[in-house]
Amino acid sequence: MTKEEILVILKENRDEFISGEELSNKFGVSRAAVWKHIKSLKEDGYNIESISRRGYRIIENADVLTYEEIKNYLETKFVGQNIIHYDTIDSTNLKAKELANDSSIKEGTIITSEEQTRGKGRLGRVWESPKSTGIWFSIILKPNISPMNVSNITLLGAAAVNLALSDLNIESKIKWPNDVLVNSKKVCGILTEMSAELDEINYIVMGIGINVNMTENDFSEELRKKATSLKSEYKKQFCRKQILAKILNYFEKMYIEYVENNSLEQCINVCRDNSILIGREVYIKERGQSNKIKVIDINSEGHLVVERDNNSIDEIISGEVSIDGVYGVL
Ligand code: BT5
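Computed from a predicted structure; not experimentally measured.

### What to know about the overall build of the chain
Scanning the chain from N- to C-terminus turns up nine helices and 14 strands. With respect to the three principal axes, the spread of C-alpha positions in the chain is 80 × 40 × 30 Å. Here the chain holds 330 residues, and the buried ones make up 49% of them. Counting only contacts in the chain whose residues sit at least 6 apart along the sequence, the fraction spanning at least 24 positions is 63%. Looking at the chain as shown, the accessible area adds up to about 16100 Å², and 44% of this sits on carbon and sulfur atoms. Charge-centre separation for the chain: the mean point of 43 positive side chains lies 5 Å from the mean point of 50 negative side chains.

Given below as structure tokens:
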């Protein structure tokens with residue numbers, strides 16, 4: 001007997017009490033074993049009422065990022081149709097890469113974790129991922145695209161996050177190529193990693209982290225100036241599983257358009273219309289040097305079109321941009 005099996009029974013009998021005895025008979029285990037599983041479900045965040053001589057009754061579902069909780073919101077064919085959920089893990093990207101090496105793992109498989117002890121940003125930076133307050137997940141993808149175009153997958157992720165938040169009346173800006181900001185502070189970062197041969201991708205792992213319900217105290221002092229959560233900005237608790245499902249729904253639609261029809265149109269429109277960079281003078285790190293540029297556009301291939309100090313127009317494929325006065329140089 002697993003706690004998930006008990007959960008299924010409680011959910012099937014939502015309005016009724018199920019006695020400990022009934023559960024122990026059904027699964028052929030002791031009542032103490034049943035109680036232990038109920039305790040663990042409560043720790044997961046399920047609100048389960050227990051009354052002596054009547055038994056257990058589920059009151060509401062928990063906001064945990066399991067397939068069981070997310071499936072009712074999902075409208076996808078394959079993205080998120082297999083979810084591997086952890087209470088705690090070093091990094092969902094590390095786990096996803098380990099699993100992606102196994103050729104039998106299905107494309108669209110997702111790794112979620114309530115917390116990460118070694119969440120990763122780009123270039124070895126740390127991603128703070130405190131328990132059950134954010135959405136920390138990675139998607140395993142095996143697209144038939146050129147390895148040169150992998151950065152477009154990050155843009156698809158950023159556009160999907162923007163659209164999902166917009167459904168909840170949250171206005172966000174995309175900081176090309178991998179951040180989503182609310183009120184000029186970072187709420188979401190994306191880390192896309194790939195294993196590839198010269199002209200063929202073995203797999204891509206796209207990890208997305210979103211700060212949902214943390215308060216200021218959940219961030220390190222260093223981050224408080226430049227990071228925020230949806231709760232801090234909108235003064236209310238958000239449902240993580242609903243946001244995750246919306247992101248997956250939007251992502252899959254645009255991903256299929258891209259890998260099957262080679263069209264990035266919707267994604268680029270979203271990235272362009274919600275860009276925090278277009279029209280601004282910013283700094284871009286190139287070969288270790290920080291150069292001032294003016295951002296003009298994001299073109300149909302997802303590249304940043306910029307004007308350099310000497311008035312020449314250039315296209316940038318990937319890079320790190322910092323904006324004076326928006327938040328500290330990352
Ligand atoms: C990123 O890197 O923004 C990519 C973050 C990807 C995180 C996800 S969570 C699920 C998956 N599993 C992982 O292990 N990672 C992915 P970068 O552009 O390098 O930004 C990193 C910088 O953002 C750090 O140096 C901090 O300054 C800042 N930062 C760290 N944690 C943050 C947080 N929770 N919210 C906002 N900013 C944060």
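Picking up after the structure, the text goes on.
### Points about the pattern of salt bridges
Pairing between side chains of opposite charge can happen when the charged atoms of each approach one another. The final tally for this structure, using the stated rule, is 22 salt bridges. A salt bridge links E320 to R125; its shortest N-O distance comes to 2.6 Å. Linking E320 in strand β14 (residues 320–322) with R125 in the loop between β4 (110–116) and β5 (134–141), this pair joins segments that are 195 residues apart in sequence. The class for R125 is partly exposed, based on a relative accessible area of 30%. Beyond isolated ion pairs, a larger network of salt bridges with shared partners links K11, E68, E69, K71 and K241.

### Section: the sheet that holds β4
If you walk across this open sheet you meet the seven strands as β3-β4-β5-β9-β8-β7-β6, and the pairing is mixed. If you trace the sheet from one side to the other, it starts and ends with β3 (83–89) and β6 (173–175), each paired once. Across the sheet, the mean angle separating the axes of adjacent strands is 20 degrees when strand polarity is ignored. Of the strands in this sheet, β3, β4, β5, β8 (185–196) and β9 (201–211) touch helix α5 (residues 92–100), which is tilted by about 20 degrees from β5.

### Brief notes about the packing of aromatic side chains
Here the structure, examined in full by the defined rule, presents three aromatic pairs. Measuring from ring centre to ring centre gives 6.3 Å for Y234 and F238, while their planes differ by 85 degrees; the resulting arrangement is edge-to-face. On the basis of relative accessible area, Y234 is assigned to the partly exposed category, the value being 30%. Centre to centre, the rings of F251 and Y255 are 5.5 Å apart; their planes meet at 25 degrees, and the pair counts as stacked. You can see F251 and its partner Y255 sitting in helix α8 (residues 240–261), four residues apart, about one turn around the helix.

### Quick look at the pairing of β4
Two faces belong to every sheet, and in a regular strand the side chains alternate between them. Among the seven residues of β4, six are classified as buried, and the element is accordingly described as predominantly covered. Note that β3 and β4 share six bridges and pair parallel. Of the residues in β4, the one forming a bridge with I89 is Q116. Traced from β3 through α5 to β4, the parallel crossover comes out right-handed. Pairing between β4 and β5: four bridges, direction antiparallel. When the sheet's bridge partners are listed, T112 is paired in β5 with F137.

### Considerations on unusual backbone geometry
The omega torsion of the bond from W176 to P177 falls at 0 degrees, within 30 degrees of zero and hence cis. Summarising the element assignment, P177 is placed in the loop between β6 and β7 (179–182). One non-glycine residue, R53, adopts positive backbone phi at about 70 degrees. By the element assignment, R53 lies in the loop between β1 (47–51) and β2 (55–60). Phi at N169 takes a positive value of approximately 65 degrees, unusual for a residue other than glycine. Among the structural elements, N169 can be located in the loop between α6 (151–167) and β6.

### Thoughts on helix α9 (residues 265–273)
Every buried residue of α9 is listed here: C267, I268, V270 and C271. Down the axis of α9, the buried side of the element spans an arc of 160 degrees, and every buried residue falls inside it. Away from its buried face by more than 90 degrees, α9 exposes E265 and D273.

Conventions used here
- Residues numbered from 1 in each chain as written.
- Predicted model: local features only at pLDDT ≥ 70, side-chain atom pairs only at ≥ 80, totals over all residues.
- Heavy atoms only, no water.
- Helix = DSSP H or I, 4+ residues; strand = E, 2+ residues; numbered from the N terminus.
- Buried < 20%, exposed > 50% of the residue type's maximum accessible area, 1.4 Å probe, protein only.
- Contact = heavy atoms within 4.5 Å.
- Areas by Shrake-Rupley, 256 points an atom, 1.4 Å probe, with all protein chains shown as cover.
- Lys, Arg positive; Asp, Glu negative; His and termini not counted.
- Charge placed at Lys NZ, Arg CZ, Asp CG, Glu CD.
- Salt bridge = Lys/Arg side-chain N within 4 Å of Asp/Glu carboxyl O.
- Pairing = 2+ DSSP bridges.
- Axes fitted to C-alpha atoms, helices over the stretch in contact; angles between N-to-C directions.
- Phe/Tyr/Trp six-rings, centres within 6.5 Å; stacked < 30°, edge-to-face > 60°.
- Right-handed = clockwise from strand over helix to strand, strands pointing away.
- Arc of directions from axis to C-beta.

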